[in-house]
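Understanding the architecture of this molecule
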Amino acid sequence: MLIHPWDAPRSDTEWQQWLAAHDFGQLAVNGLPGEPPHVQPAHFAYEPDHGPHGRVITHLARPNPLWPALEADPEVLLSVVDDYVYVPGPWQAPPDTPPEHGVPTSFYAAVQLRCTARIVDAPEEKAELLNRQVAHFQPEGGSAPAAVGEAPFGRMLSGIRALCLEVTDVQAKFKYASHKPQEVQNRIAAGLTQRDGPRDRAAHEHQLRRR
(Lines give C-alpha, C1' and ligand atoms only; values in the text may rest on other atoms or scores of the structure.)
Protein backbone atom coordinates (compact mmCIF):
# COMPACT_ATOMS: atom_id res chain seq x y z
CA MET A 1 0.00 0.00 0.00
CA LEU A 2 1.43 3.35 -1.08
CA ILE A 3 1.49 5.77 1.85
CA HIS A 4 2.55 9.36 1.23
CA PRO A 5 3.90 11.22 4.28
CA TRP A 6 0.78 13.39 4.48
CA ASP A 7 -1.47 10.30 4.57
CA ALA A 8 0.45 8.49 7.30
CA PRO A 9 -1.05 8.25 10.81
CA ARG A 10 0.14 10.91 13.21
CA SER A 11 0.66 8.26 15.90
CA ASP A 12 -0.12 4.64 16.70
CA THR A 13 -3.05 5.90 18.74
CA GLU A 14 -4.74 7.23 15.60
CA TRP A 15 -4.91 3.91 13.76
CA GLN A 16 -5.53 1.89 16.93
CA GLN A 17 -8.57 3.99 17.85
CA TRP A 18 -9.89 3.73 14.32
CA LEU A 19 -9.33 -0.04 14.21
CA ALA A 20 -11.14 -0.49 17.53
CA ALA A 21 -14.30 0.79 15.84
CA HIS A 22 -13.74 -1.10 12.57
CA ASP A 23 -13.61 -4.76 13.48
CA PHE A 24 -14.57 -6.43 10.21
CA GLY A 25 -11.94 -7.05 7.56
CA GLN A 26 -10.50 -9.45 5.04
CA LEU A 27 -7.93 -12.06 6.02
CA ALA A 28 -5.55 -12.83 3.15
CA VAL A 29 -3.74 -16.18 3.28
CA ASN A 30 -1.10 -17.24 0.77
CA GLY A 31 -2.44 -20.00 -1.45
CA LEU A 32 -0.77 -23.37 -1.89
CA PRO A 33 1.60 -23.62 -4.91
CA GLY A 34 -0.34 -22.96 -8.09
CA GLU A 35 -3.36 -21.57 -6.22
CA PRO A 36 -4.47 -17.95 -5.75
CA PRO A 37 -4.57 -16.42 -2.26
CA HIS A 38 -7.50 -17.10 0.03
CA VAL A 39 -9.38 -13.95 1.09
CA GLN A 40 -11.77 -14.51 3.98
CA PRO A 41 -14.13 -11.79 5.28
CA ALA A 42 -14.36 -11.98 9.06
CA HIS A 43 -15.25 -10.19 12.25
CA PHE A 44 -12.31 -9.97 14.64
CA ALA A 45 -11.21 -8.43 17.93
CA TYR A 46 -7.96 -6.48 18.06
CA GLU A 47 -6.17 -6.63 21.42
CA PRO A 48 -3.42 -3.98 21.53
CA ASP A 49 -1.93 -5.09 24.85
CA HIS A 50 -0.62 -8.44 23.56
CA GLY A 51 2.94 -8.15 22.24
CA PRO A 52 4.66 -5.10 20.69
CA HIS A 53 1.99 -4.59 18.01
CA GLY A 54 -0.98 -6.36 19.59
CA ARG A 55 -2.84 -9.43 18.41
CA VAL A 56 -6.06 -10.29 16.62
CA ILE A 57 -8.44 -13.06 17.64
CA THR A 58 -11.09 -14.58 15.42
CA HIS A 59 -12.55 -17.95 14.47
CA LEU A 60 -13.66 -19.72 11.31
CA ALA A 61 -15.66 -22.81 10.49
CA ARG A 62 -13.70 -26.06 10.41
CA PRO A 63 -14.76 -26.82 6.77
CA ASN A 64 -13.22 -23.54 5.56
CA PRO A 65 -10.96 -24.31 2.57
CA LEU A 66 -8.17 -21.98 3.69
CA TRP A 67 -6.88 -24.22 6.52
CA PRO A 68 -4.38 -26.28 4.46
CA ALA A 69 -2.86 -23.09 3.04
CA LEU A 70 -2.69 -21.48 6.48
CA GLU A 71 -1.02 -24.54 7.95
CA ALA A 72 1.56 -24.44 5.13
CA ASP A 73 2.29 -20.72 5.58
CA PRO A 74 1.17 -18.91 8.75
CA GLU A 75 2.20 -15.45 7.50
CA VAL A 76 -1.05 -13.60 6.74
CA LEU A 77 -2.39 -10.10 6.13
CA LEU A 78 -5.54 -8.66 7.68
CA SER A 79 -6.87 -5.71 5.68
CA VAL A 80 -9.49 -3.26 6.92
CA VAL A 81 -10.83 -0.42 4.74
CA ASP A 82 -13.70 1.96 5.49
CA ASP A 83 -14.82 5.60 5.52
CA TYR A 84 -14.23 5.66 1.76
CA VAL A 85 -15.85 8.16 -0.60
CA TYR A 86 -15.51 9.26 -4.20
CA VAL A 87 -14.31 12.85 -4.59
CA PRO A 88 -15.41 14.49 -7.89
CA GLY A 89 -12.77 16.24 -9.97
CA PRO A 90 -14.19 19.79 -9.63
CA TRP A 91 -13.86 19.61 -5.86
CA GLN A 92 -10.13 18.97 -6.26
CA ALA A 93 -9.33 21.67 -8.81
CA PRO A 94 -6.33 23.78 -7.70
CA PRO A 95 -6.94 27.49 -7.03
CA ASP A 96 -7.28 29.61 -10.20
CA THR A 97 -7.84 26.46 -12.28
CA PRO A 98 -11.04 25.61 -14.22
CA PRO A 99 -13.19 23.18 -12.19
CA GLU A 100 -13.21 20.69 -15.05
CA HIS A 101 -9.43 20.36 -14.75
CA GLY A 102 -9.64 18.92 -11.25
CA VAL A 103 -8.58 15.29 -10.81
CA PRO A 104 -11.12 12.89 -9.24
CA THR A 105 -9.86 10.72 -6.41
CA SER A 106 -10.86 8.47 -3.54
CA PHE A 107 -10.68 9.18 0.16
CA TYR A 108 -10.36 6.24 2.56
CA ALA A 109 -8.96 4.97 5.81
CA ALA A 110 -7.06 1.67 5.77
CA VAL A 111 -5.13 -0.47 8.21
CA GLN A 112 -3.18 -3.55 7.15
CA LEU A 113 -1.88 -5.89 9.82
CA ARG A 114 0.81 -8.38 8.90
CA CYS A 115 0.50 -11.30 11.28
CA THR A 116 1.79 -14.73 12.19
CA ALA A 117 -1.17 -17.02 12.66
CA ARG A 118 -1.55 -19.68 15.32
CA ILE A 119 -4.40 -22.13 14.91
CA VAL A 120 -6.12 -23.08 18.16
CA ASP A 121 -7.88 -26.44 18.39
CA ALA A 122 -7.59 -27.09 22.14
CA PRO A 123 -11.22 -26.89 23.35
CA GLU A 124 -10.54 -24.91 26.54
CA GLU A 125 -8.42 -22.24 24.85
CA LYS A 126 -10.80 -22.12 21.92
CA ALA A 127 -13.73 -21.44 24.25
CA GLU A 128 -11.78 -18.74 26.08
CA LEU A 129 -10.88 -16.96 22.82
CA LEU A 130 -14.43 -17.24 21.56
CA ASN A 131 -15.75 -15.68 24.77
CA ARG A 132 -13.23 -12.84 24.47
CA GLN A 133 -14.40 -12.14 20.95
CA VAL A 134 -18.07 -12.19 21.92
CA ALA A 135 -17.32 -9.86 24.86
CA HIS A 136 -15.77 -7.40 22.42
CA PHE A 137 -18.93 -7.30 20.31
CA GLN A 138 -21.44 -7.71 23.16
CA PRO A 139 -20.05 -5.88 26.19
CA GLU A 140 -23.62 -5.73 27.49
CA GLY A 141 -23.71 -9.54 27.63
CA GLY A 142 -26.85 -11.44 26.79
CA SER A 143 -25.29 -14.63 25.46
CA ALA A 144 -24.34 -17.74 27.40
CA PRO A 145 -20.57 -18.34 27.58
CA ALA A 146 -18.95 -21.10 25.58
CA ALA A 147 -17.74 -23.85 27.90
CA VAL A 148 -16.38 -27.28 27.05
CA GLY A 149 -19.02 -29.95 27.56
CA GLU A 150 -21.71 -27.48 28.63
CA ALA A 151 -24.87 -26.37 26.87
CA PRO A 152 -25.68 -24.51 24.75
CA PHE A 153 -22.41 -23.99 22.89
CA GLY A 154 -20.08 -26.69 24.16
CA ARG A 155 -21.10 -29.17 21.50
CA MET A 156 -20.50 -26.57 18.76
CA LEU A 157 -16.83 -25.95 19.62
CA SER A 158 -15.69 -28.87 17.48
CA GLY A 159 -17.18 -27.15 14.42
CA ILE A 160 -14.82 -24.15 14.57
CA ARG A 161 -11.12 -23.41 14.82
CA ALA A 162 -9.86 -20.30 16.57
CA LEU A 163 -7.09 -18.07 15.30
CA CYS A 164 -4.57 -15.98 17.22
CA LEU A 165 -2.86 -13.54 14.87
CA GLU A 166 0.28 -12.03 16.37
CA VAL A 167 0.78 -8.68 14.66
CA THR A 168 4.33 -8.25 13.35
CA ASP A 169 3.94 -5.10 11.26
CA VAL A 170 1.35 -2.38 10.67
CA GLN A 171 0.63 -0.13 7.74
CA ALA A 172 -2.02 2.54 8.11
CA LYS A 173 -3.27 5.27 5.82
CA PHE A 174 -5.73 8.15 6.13
CA LYS A 175 -6.12 9.65 2.66
CA TYR A 176 -8.09 12.87 3.13
CA ALA A 177 -6.26 15.59 1.17
CA SER A 178 -4.23 16.81 4.13
CA HIS A 179 -1.63 18.25 1.73
CA LYS A 180 -4.05 20.26 -0.41
CA PRO A 181 -4.28 24.08 -0.19
CA GLN A 182 -6.74 25.44 2.34
CA GLU A 183 -9.09 26.66 -0.38
CA VAL A 184 -9.31 23.19 -1.91
CA GLN A 185 -9.81 21.53 1.46
CA ASN A 186 -12.65 23.97 2.22
CA ARG A 187 -14.28 23.18 -1.13
CA ILE A 188 -14.03 19.42 -0.51
CA ALA A 189 -15.44 19.79 3.01
CA ALA A 190 -18.38 21.81 1.68
CA GLY A 191 -18.99 19.23 -1.03
CA LEU A 192 -19.04 16.34 1.43
CA THR A 193 -21.43 18.21 3.70
CA GLN A 194 -23.80 19.10 0.89
CA ARG A 195 -23.77 15.65 -0.70
CA ASP A 196 -24.22 13.86 2.67
CA GLY A 197 -24.08 10.42 1.09
CA PRO A 198 -22.96 7.11 2.62
CA ARG A 199 -19.72 7.60 4.59
CA ASP A 200 -19.50 11.32 3.64
CA ARG A 201 -19.85 12.39 7.27
CA ALA A 202 -17.10 10.03 8.41
CA ALA A 203 -14.82 11.25 5.62
CA HIS A 204 -15.60 14.86 6.53
CA GLU A 205 -14.69 14.19 10.16
CA HIS A 206 -11.36 12.67 9.11
CA GLN A 207 -10.63 15.61 6.85
CA LEU A 208 -11.31 18.20 9.54
CA ARG A 209 -9.40 16.21 12.17
CA ARG A 210 -6.27 15.93 10.02
CA ARG A 211 -6.11 19.51 8.72
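Note that the structure is predicted; figures quoted are calculated from it, not measured. (Residues numbered from 1 in each chain as written. Predicted model: local features only at pLDDT ≥ 70, side-chain atom pairs only at ≥ 80, totals over all residues. Heavy atoms only, no water.)

1. Structural notes on the overall build of the chain
Each helix and strand counted, the chain has six helices and seven strands in total. For the chain, the succession of helices and strands along the chain, N to C, is α-β-β-β-β-α-β-α-β-α-β-α-α. Relative to its 211 residues, the chain shows a buried fraction of 39%. Counting contacts in the chain only where the partners sit at least 6 residues apart, residues at least 24 apart contribute 75% of the total. For the chain, the accessible surface area stands at approximately 11200 Å², while carbon and sulfur atoms represent 56% of it. Of the charged side chains in the chain, 19 are positive and 26 negative, and the gap between their average positions amounts to 4 Å. (Helix = DSSP H or I, 4+ residues; strand = E, 2+ residues; numbered from the N terminus. Buried < 20%, exposed > 50% of the residue type's maximum accessible area, 1.4 Å probe, protein only. Contact = heavy atoms within 4.5 Å. Areas by Shrake-Rupley, 256 points an atom, 1.4 Å probe, with all protein chains shown as cover. Lys, Arg positive; Asp, Glu negative; His and termini not counted. Charge placed at Lys NZ, Arg CZ, Asp CG, Glu CD.)

2. Describing the sheet that holds strand S3 (residues 45–47)
As summarised here, the arrangement of the seven strands in space is S2-S1-S5-S6-S7-S4-S3, forming an open sheet in which the pairing is antiparallel. The open sheet has two edge strands, strand S2 (38–43) and S3, and neither has a second partner. Between one strand axis and the next, the sheet turns by 35° as a mean value, whatever way the strands run. Looking at chain direction, strand S6 (residues 105–120) and strand S7 (residues 160–175) are connected through 13 bridges and run antiparallel. (Pairing = 2+ DSSP bridges. Axes fitted to C-alpha atoms, helices over the stretch in contact; angles between N-to-C directions.)

3. Considerations on the packing of aromatic side chains
Scanning the entire structure with this criterion turns up three aromatic pairs. Look at Trp15 and Tyr46: their rings are 5.9 Å apart centre to centre, the planes differ by 55°, and that puts the pair in the tilted class. One end of the pair, Trp15, is in helix H1 (residues 12–20); the other, Tyr46, is in strand S3, and 31 residues separate them in sequence. By the burial criterion, Trp15 is buried, and Tyr46 matches it. Here Trp18 and Phe174 contribute two aromatic rings whose centre-to-centre distance is 6.3 Å and whose plane-to-plane angle is 90°, an arrangement assigned as edge-to-face. (Phe/Tyr/Trp six-rings, centres within 6.5 Å; stacked < 30°, edge-to-face > 60°.)

4. Concerning unusual backbone geometry
Of note, the bond from Ala151 into Pro152 is cis; its omega dihedral lies within 30 degrees of zero at 5°. Checked against the element boundaries, Pro152 lands in the loop between helix H4 (123–137) and S7. For Asp96, which is not a glycine, the phi torsion comes out positive at approximately 65°. Relative to the assigned elements, Asp96 resides in the loop between helix H3 (89–92) and S6. Positioned with a positive phi, Ala177 is a non-glycine residue whose angle comes to about 60°.

5. Structural notes on helix H6 (residues 200–209)
Of the residues making up H6, those classed as buried are Asp200, Ala203, His204, His206 and Gln207. Viewed end-on, H6 has its buried residues packed into an arc of 160°, placing them on one side of the element. What points out from H6, more than 90 degrees from its buried face, is the exposed set Arg201 and Glu205. Looking at the buried residues of H6, the elements they touch are H1, strand S5 (75–87), S6, S7 and helix H5 (182–195). (Arc of directions from axis to C-beta.)

6. Overview of the state of the cysteines
Taken as a whole and assessed by the stated rule, the structure comprises zero disulfides. Cys115 forms no disulfide, and the closest cysteine sulfur to it belongs to Cys164, at a distance of 11 Å. Among the residues examined, Cys164 registers a relative accessible area of 0% and is labelled buried. (Disulfide = S-S within 2.5 Å.)

7. As for the pairing of S7
It is a general feature of regular strands that their side chains alternate between the two faces of the sheet. Bridging between strand S4 (residues 55–61) and S7 involves seven bridges; their strand directions are antiparallel. Bridged to Leu60 within S7 is Arg161.

8. Here we look at the environment of Leu129
Among the secondary structure elements, Leu129 is positioned in helix H4. Taking the C-alpha atoms as reference points, Leu129 and Asp83, separated by 46 residues in sequence, lie 29 Å from one another. If near-sequence neighbours (up to four positions away) are discounted, Leu129 is found in contact with Arg55, Ile57, Val120, Ala162 and Cys164.

9. Concerning the environment of Asp121
Relative to the helices and strands, Asp121 resides in the loop between S6 and H4. Take Asp121: its relative accessible area is 31%, and that puts it in the partly exposed class. C-alpha of Asp121 to C-alpha of Arg62: the two residues are 59 residues apart in sequence and 9.9 Å apart in space. Excluding anything up to four places from it in sequence, Asp121 contacts Arg62, Lys126 and Arg161. A polar contact is formed between the side chain of Asp121 and the side chain of Arg62, at a distance of 3.4 Å. Among the polar contacts made by the side chain of Asp121, one reaches the side chain of Arg161 at a distance of 2.7 Å. (Polar contact = N/O pair within 3.5 Å; in protein donor to acceptor, adjacent residues only side chain to side chain.)

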